[in-house]
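For reference, the chains in residue letters:
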Amino acid sequence: MGLSSTAETKEALARRFLAAIPDSAIDPCVHCGFCLTSCASYRVTGSEMDSPRGRLHLLRGVEAASLELADVAEHFESCLGCFACVTACPAGVRYDQVISAVRPALRQTGHRSPWQQAFRQALFSLLPYPDRLRPLLRPLQAYAGGPLQRLARRTGLTALFGPEIEAMERLLPPLAIEAFRDGLPPLVPAQGRRRYRVGLVLGCVQRVFDPTVNHAAARVLAANGIEVVVPPGQTCCGAMTAHQGEDAHTEALARALIDCFAAAIGPAAPGGPDPLDAVLVAASGCGHTLKLYDRILARDPVWAERATGFASQVLDVQEFLHRVGLAAPLRPLRQAPLRAVFHDACHMLHGQGIAAQPRELLQEIPGLSLVEATDAGLCCGSAGIYNVVQPREAAELGAMKAADLASSGADIAVSANIGCSLQIRRHMGDQPQPLPVYHPLQLLDWSLRGETLPSA
């Protein structure tokens, strides 16, 4: 029986996107299976088709026209894009390039229900834009973190709105006053002699749901002789949409952010402001995408050069501080020794190759020691918006991660990515002895100021 015209159209669309995958990304696969134990989705489902090796097999079927992408799309939807398999692969398979090409194709297959499509578009229309999100969150300020929220969860009321809405509500943290405004000035002067001048990317979700992190980053940088430029009017870097294959939206957000920084800094000219030594970000998911701006805008001849120049300046705040060294003295966070367990965000560890730098910075805090989680390489289940569009799988991973961190013998957990922090905090609540979760820059900030932890 021949394919219908609709099926032929879907197949043609899939083939067009999949043609972007270089042969060098797939050909090295020798089916050794090293990727299986590193793969978060495989750990949850136990299905070979929900592993990198299985998905590559499915793609070959799509290329050979023996399979349609729409019929196997669920196995690609289950992928978190954590890139742990890229780190684990001994043959050099670039699964990151594979899934980046597949995700735009998934949008064209028609396998998602009208609700799934509408829900995703609502997220993409709100989350990258703090000025749109904040008015919607304002009525929830009294609810979040209060007795009404606890009652709603205890009675199961939130489950009545469906798994996606329930997952969003479970992630909702208390909303501080700072969540509803950008409190940092356009320029945070260096304390003492200025050593460097940097720009700071605020992110979208972080400045709404954990605004203290950016303030801590600015204070730590300033205390170490680093002038911080904070361009006003920043929107999302595009990490959220890039993670879901929304290429056009991602490109638009990237252009807007580059323009925002250019307008704030101005062109290099005699007597003008000094150029930036780096563009810094305190959320690892954002950092990974910002460093890929040269690829994201490579097909745009007008923007390609600007994007390459911008991406070349991007560093994680901890990466930069480790490189230039701390100049300000650190003090103990409290009298008793403090043990911290470090959670490696996937897009920091596997996406950017950053592991030692944050740990070495934290170990400079007097009285603080680090312990390692048993299953440190496992994704927490956040993965952009994965924890709300794939809530069941994400919840299992979040429970695994929280249990692993809580059983480490540490006093606190440390995470350098806002999505991971929200996910881990949500599942820490189910642990017998939950740990508070902080950003490394918050610990450095409190140490600089000689303060105790909020929970101490």
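Analysis parameters
- Residues numbered from 1 in each chain as written.
- Predicted model: local features only at pLDDT ≥ 70, side-chain atom pairs only at ≥ 80, totals over all residues.
- Heavy atoms only, no water.
- Disulfide = S-S within 2.5 Å.
- Buried < 20%, exposed > 50% of the residue type's maximum accessible area, 1.4 Å probe, protein only.
- Phe/Tyr/Trp six-rings, centres within 6.5 Å; stacked < 30°, edge-to-face > 60°.
- Helix = DSSP H or I, 4+ residues; strand = E, 2+ residues; numbered from the N terminus.
- Lys NZ or Arg CZ within 6 Å of the ring centre and 35° of its normal.

S.K.: Explain the state of the cysteines to me, using residue names and the numbers behind them.
M.R.: Applying the stated rule across the entire model yields 0 disulfides. There is no disulfide at Cys204, and the cysteine sulfur nearest it, in Cys236, is 3.6 Å away. Owing to a relative accessible area of 2%, Cys236 belongs among the buried residues under this scheme.

S.K.: Lay out the packing of aromatic side chains in plain terms, naming residues and giving numbers.
M.R.: Counting across every chain of the model gives 5 aromatic pairs. A centroid spacing of 5.6 Å and a plane angle of 80 degrees characterise the contact between Tyr196 and Phe320, whose relative ring orientation is edge-to-face. Within this pair, whereas Tyr196 is found in strand E2 (residues 196-201), its partner Phe320 is found in helix H20 (residues 317-324), the two being separated by 124 residues in sequence. Note on Phe261 and Phe310: the rings are 5.6 Å apart at their centroids and 80 degrees apart in plane angle, and the pair reads as edge-to-face. With a gap of 49 residues between them, Phe261 in helix H16 (residues 247-265) and Phe310 in helix H19 (residues 304-311) connect regions that are remote in the sequence. Considered together, Phe261 and Phe310 belong to a single accessibility category, that of buried residues. Members of the aromatic cluster, connected to one another through ring pairs, are Phe261, Tyr293 and Phe310. For Arg138, the ring lying beneath its charged end belongs to Phe180, and the centroid distance is 4.0 Å.

S.K.: Any details on unusual backbone geometry? Residues and values, ideally.
M.R.: Residue Phe83 is not a glycine yet carries a positive backbone phi of 70 degrees. Mapping Phe83 onto the fold places it in the loop between helix H6 (69-77) and helix H7 (84-88). For Phe83, a relative accessible area of 10% corresponds to the buried category. Here Ala383, not a glycine, exhibits a phi torsion of approximately 50 degrees, which is positive. On the accessibility criterion, Ala383 (11% relative accessible area) is buried.

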